[in-house]
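An overview of the molecular structure
In case you want the letters, here they are:
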Amino acid sequence: MENTSHARERGASLGGLAPGYYWFFITFMVLLSSFGSFVNDMYIPALPEMTRFFDCSASTVQLGLSFGMVGLGLGQVVMGPVSDKYGRKPVLVWSLVLFTVAGVASVFASGISFFLVCRLFQGLGASGGYFLARAIPADVTGGRALARMMAVIGAINGIAPASAPVLGGVFTHFMGWRSVFIFLALFALLIIFLSSRFKETLPVSRRVSGSLGSAFAGYMPLLLQGRFMAHVMLKGAALGLLFAYISSAPFIIQTHYGYNDVVFGLFMGLNAVFVALGSAVALRFRVLKKAAVTGARVLVFVIAAQCLALCVWDRFLIYELLCWPMLFCLGMIFTTSNTLAMNEGRDDAGRASAVLGLLGYVFGAVVSPLVGAGDMLRSTAAVFAAMALLTLLFAFISNRIPADLETGGSGKPASDTADVQQKC
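Okay, so let's go over this structure.

Conventions and cut-offs
Residues numbered from 1 in each chain as written. Predicted model: local features only at pLDDT ≥ 70, side-chain atom pairs only at ≥ 80, totals over all residues. Heavy atoms only, no water. Axes fitted to C-alpha atoms, helices over the stretch in contact; angles between N-to-C directions. Helix = DSSP H or I, 4+ residues; strand = E, 2+ residues; numbered from the N terminus. Parallel < 35°, antiparallel > 145°, perpendicular 65-115°, else oblique. Left-handed = near helix turned anticlockwise from the far one by under 90°. Contact = heavy atoms within 4.5 Å. Nonpolar A, V, L, I, M, F, W, Y, C, P; charged D, E, K, R; others polar. Phe/Tyr/Trp six-rings, centres within 6.5 Å; stacked < 30°, edge-to-face > 60°. Buried < 20%, exposed > 50% of the residue type's maximum accessible area, 1.4 Å probe, protein only. Lys NZ or Arg CZ within 6 Å of the ring centre and 35° of its normal. Polar contact = N/O pair within 3.5 Å; in protein donor to acceptor, adjacent residues only side chain to side chain. Patch = residues over 30% accessible without salt bridge, like charges linked within 9 Å, V, L, I, M, F, W, Y side chains within 5 Å. Areas by Shrake-Rupley, 256 points an atom, 1.4 Å probe, with all protein chains shown as cover. Salt bridge = Lys/Arg side-chain N within 4 Å of Asp/Glu carboxyl O. Expected span 1.5 Å × (residues − 1). Bend = angle between axes of the 7 residues up to and from the residue. Disulfide = S-S within 2.5 Å.

Side note on the packing of helix α2 (residues 19–41) against helix α10 (residues 178–194)
Contact geometry of α2 with α10 gives a least axis separation of 11 Å together with a crossing angle of 155 degrees. With respect to α10, the element α2 is oriented roughly antiparallel. Handedness of the α2/α10 crossing: left-handed. Contact residues: F24, F28, L31, L32, S34, F35, F38 and V39 in α2; F183, L184, F187, A188, I191 and L194 in α10. Partitioned by chemical class, the residues of the contact of α2 with α10 number 13 nonpolar, one polar and no charged.

Okay, here's the thing in structure tokens:
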């Protein structure tokens, strides 16, 4: 009996996956989720150079971020139901093929309009891996096991936003902005190659049995599910703040304070470590949703100080030091909102992940050009303040929901994944 109990505990800690497959699975999920970070973060150091190359304004070149996020959002809306109907693996492979083609095409862009179209299709292609990195773990486990898995993936994945701007700065400095998109295309090809070992996590018995149209119709019950949408809006508001920071940082650090693209990448890489630290700390809370409320409360005070740093003090060191607690708090909120939302929607994981991703990128697509409107420092401060207050509001709403991580969103036991676990 003791051996049986020990085996069950070990199986739960591994999310029900076989020990020999578990770390490949985690690594593969990290690559999928980090790919989305690389798609945006890696070319951020190149924005000032691209502004000069395309002979356009900062706000116009920042639309590349917006178009990428629109693609990421729309792609998830389409691919979520398709993956619920036909499985995760084929959606993953074909979406990465699309990204590779769009990434190569962007290398040949001679005007900003064509580049923006390429960014839209890059976002569409990258969306497959990005939302599946949330849907696939929810296929194989739930509850606290899902929270642990998401936290492990989030903590390790901190390497991606930390390294992406560093690599982007080095590539841009020595080989120009086009080299970034060549690297991203090769990254997508690597994931396609590794997917040959990845095992399908959505068995036929759990797929949408009706038409593809019925799969899309499944969005409406999710959108009307208040508990699920509260967690989604929390993630969206926090992502809006993150994207405001990402899109404004190259112009604040490089253009305003005069640092080159390599140094900028190092600063961004250092700052991103704090997102990973916050993600890891969130799981230390006995009641997970308390991590988001704590993070949001601290975030409001940090952003108030950051607004003063941008509008009054105008000192780079103060701006940089305040980025650390800001990103730490966002890491806490991301882990909490991701886990709670996917636990509520795990019976429709593909569509739930798509909604979760879409709302985040709607916020991101709106704020990215706003930080470049008018004076960069003051417009960034205004957007920071608005998104921090929204994040606090949705954190309080999410906190009032009685979340039970021992069950899935429909009340089914979180361990009700035996058919998937046996295959993995």
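The structure having been displayed, the exposition proceeds.
What about the packing of aromatic side chains?
In total, this model carries 27 aromatic pairs according to the counting rule given. Ring centres of Y43 and F181 lie 5.5 Å apart, and the angle between their planes is 55 degrees; on these two criteria the pair is classed as tilted. Of this pair, Y43 sits in the loop between α2 and α3 (47–54) while F181 sits in helix α10, and the two are 138 residues apart along the sequence. Since its relative accessible area comes to 1%, F181 is described here as buried. Between the NZ or CZ atom of R197 and the centre of the ring of F24, over which it lies, the distance is 4.5 Å. Across from the ring centre of Y21, 4.7 Å away, lies the NZ or CZ of K199, which sits over that ring.

Re the packing of α2 against helix α7 (residues 112–140)
For the pair α2 and α7, the least separation of the axes is 9 Å and the interaxial angle reads 150 degrees. Considering their axes alone, α2 and α7 lie roughly antiparallel with respect to each other. Here α2 runs over α7; the crossing is left-handed. Note on element contacts: α7 touches α2 through R119, A126, G129, Y130, L132, A133, I136, P137 and V140, opposite F25, M29, L32, S33, F35, G36, V39 and N40. Across the contact of α2 with α7, the residue classes tally to 12 nonpolar, four polar and one charged.

Quick notes on the environment of M79
Structurally, the position occupied by M79 is in helix α5 (residues 63–86). Here the alpha-carbon distance between M79 and L92, two residues 13 residues apart in the chain, equals 9.0 Å. Among residues more than four places away in sequence, those in contact with M79 are V91, S95, L124, S127, G128 and F131.

Some points on the side chain of T336
For T336, the location among the structural elements is in helix α16 (residues 316–344). According to the relative accessible area criterion, T336 is buried, its value standing at 0%. For T336, the side chain forms a polar contact with the main-chain oxygen of M332, separated by 2.9 Å. With sequence-adjacent residues up to four places away left out, T336 is seen in contact with A282, L288, K289, A291 and A292.

Regarding a nonpolar patch on the surface
A cluster of nonpolar side chains, contributed by W94, V97 and V101, occupies part of the molecular surface with about 330 Å² of accessible area. The residue W94 is located in helix α6 (residues 88–107) in this model.

A closer look at the pattern of salt bridges
Applying the stated criterion across every chain yields a total of four salt bridges. Put simply, D84 and R88 hold a salt bridge, and the shortest N to O gap is 2.8 Å. When its relative accessible area of 1% is taken as the criterion, R88 is described as buried. A single salt-bridge network, built from bridges that share partners, covers D84, R88, D139 and R351.

Quick look at α2
Relative to the 33 Å expected for 23 residues at 1.5 Å per residue, α2 spans 33 Å between its end C-alpha atoms, a close match to the ideal helical length. At S34, α2 shows its maximal bend, which comes to roughly 25 degrees. The buried count for α2 comes to 19 of 23 residues, which makes it a mostly enclosed element.

A word on the state of the cysteines
One pass over the structure, following the stated rule, counts zero disulfides. Between C307, a cysteine without a disulfide, and C311, which holds the nearest cysteine sulfur, the sulfur-to-sulfur distance is 6.2 Å.

Examining α16
Look at α16: 42 Å from first C-alpha to last across 29 residues, which is about the 42 Å you get at 1.5 Å a residue. Most of α16 is tucked away, with 23 of its 29 residues classed as buried.

Describing the environment of P325
Here P325 lies in helix α16. Accessibility expressed as a relative area gives 29% for P325, which makes it partly exposed. With 27 residues separating them along the chain, P325 and V298 place their C-alpha atoms 8.3 Å apart.

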